[in-house]
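# Secondary and tertiary structure notes
What follows is the residue order along each chain.
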Amino acid sequence: QKEVEQNSGPLSVPEGAIASLNCTYSDRGSQSFFWYRQYSGKSPELIMSIYSNGDKEDGRFTAQLNKASQYVSLLIRDSQPSDSATYLCAVATNFGNEKLTFGTGTRLTIIP
Amino acid sequence: DAGVIQSPRHEVTEMGQEVTLRCKPISGHNSLFWYRQTMMRGLELLIYFNNNVPIDDSGMPEDRFSAKMPNASFSTLKIQPSEPRDSAVYFCASSLTSLYNEQFFGPGTRLTVL
């Protein structure tokens, strides 16, 4: 089992709809969770970080964390063509050794 | 702020040659990370420094890879000897205190080993 798993996609969503991206992780000691966006040929940039169970909203983006079920999700409301990118889930753990693991990413395409 | 600076942006070399990648983190950031990204394996953390000290190098693929951080404003990743399978985009990132904070990525170095 991979430590951080994401559906590779591609995920196609009509413009204006809600895009839902999911990520599961295997280490119950994980403490910090991040969503990065990466445009083709560019470097990753942070979209959201979440550290406790529940929802965290920032503009059109909402991160949801459920530690009991070991998943974290990212919702993008009112999807725009500029949201088309690969979204990387990252999980940080401090259980013995500090460790940060990225998922392989989900490619999202917003259809105008 | 100029952000994280990496050089060179592109490197083409022949198998067996030594390759040195350079990184200047954001001023005031105490943590620095080296990543490798390929289509097959995604984004992999190679090594993580905190206050210039290597904290976790478990991601370094083998002895051909080495990384140094002689001071707070400079780090190098060296591959010697290079092999075609080392071809990838190498990113450097920095964060304010640790891997639990937001990381700011540099533009990356695209390495091609022929």
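Structure: see above.
Residues numbered from 1 in each chain as written. Chains lettered and ligands numbered in written order. Predicted model: local features only at pLDDT ≥ 70, side-chain atom pairs only at ≥ 80, totals over all residues. Heavy atoms only, no water.

### Re the packing of aromatic side chains
What counts, and what does not: Ring pairs shown here join Phe, Tyr and Trp side chains whose ring centres sit within 6.5 Å, with only the six-membered ring taken for Trp; geometry is labelled stacked below 30 degrees between planes, edge-to-face above 60, and tilted in between. Numbering goes from the N terminus for both helices and strands, where a helix is a DSSP run of H or I of at least four residues and a strand is a run of E of at least two. Three exposure classes are used, based on accessible area relative to the maximum for each residue type with a 1.4 Å probe and protein chains only: buried under 20%, partly exposed in between, and exposed over 50%.
Counted under the stated rule, the structure contains 11 aromatic pairs over all chains. With a centroid separation of 6.1 Å and an interplanar angle of 90°, the aromatic rings of Phe-34 of chain A and Tyr-51 of chain A are classed as edge-to-face. One end of the pair, Phe-34 of chain A, is in strand β4 (residues 30–38); the other, Tyr-51 of chain A, is in the loop between β5 (45–50) and β6 (54–58), with 17 residues separating them in the sequence. Given a relative accessible area of 2%, Phe-34 of chain A falls into the buried group. Ring plane angle 50° and centroid distance 5.6 Å describe the contact between Tyr-36 of chain A and Phe-102 of chain A, whose orientation is recorded as tilted. One end of the pair, Tyr-36 of chain A, is in strand β4; the other, Phe-102 of chain A, is in strand β10 (residues 97–102), and 66 residues separate them in sequence. According to the relative accessible area criterion, Phe-102 of chain A is buried, its value standing at 8%. An aromatic cluster of at least three residues, connected via ring pairs, comprises Phe-34, Tyr-36, Tyr-51 and Phe-102 of chain A together with Phe-33, Tyr-35, Tyr-48, Phe-91 and Phe-105 of chain B.

### Things to note about the interface of chain B and chain A
Convention followed: We call two residues in contact whenever any of their non-hydrogen atoms come within 4.5 Å of each other. By buried area we mean how much accessible surface two parts lose on assembly, using a 1.4 Å probe and totalling the loss over both. By definition here, a salt bridge exists when the distance from a side-chain nitrogen of Lys or Arg to a carboxyl oxygen of Asp or Glu is within 4 Å. Contacts described as polar in this section are N or O atom pairs within 3.5 Å, which, within protein, must combine one atom able to donate a hydrogen with one able to accept it, while residues neighboring in sequence count only if both atoms come from side chains. For this scheme, ten residues count as nonpolar: Ala, Val, Leu, Ile, Met, Phe, Trp, Tyr, Cys and Pro. Four count as charged, namely Asp, Glu, Lys and Arg, and the remainder, Gly too, count as polar.
Between chain B and chain A, the residue contacts involve 16 residues of the former and 18 residues of the latter. When chain B packs against chain A, close to 1,500 Å² is buried across both sides, 57% of that on carbon and sulfur atoms. Inspection of the region where chain B meets chain A yields zero salt bridges. Remark: the boundary between chain B and chain A carries three residue pairs in polar contact (both at pLDDT 80 or more). Within the residue set of the side of chain B that touches chain A, elements represented by two or more residues are β4 (31–38), β5 (42–50) and β6 (53–56) of chain B. Looking at which element gives the most residues to the side of chain B that touches chain A, the answer is β5 of chain B, with three residues. Classifying every residue of the side of chain B that touches chain A by side-chain character gives 10 nonpolar, four polar and two charged.

Function-wise, these values are silent; they only describe arrangement.
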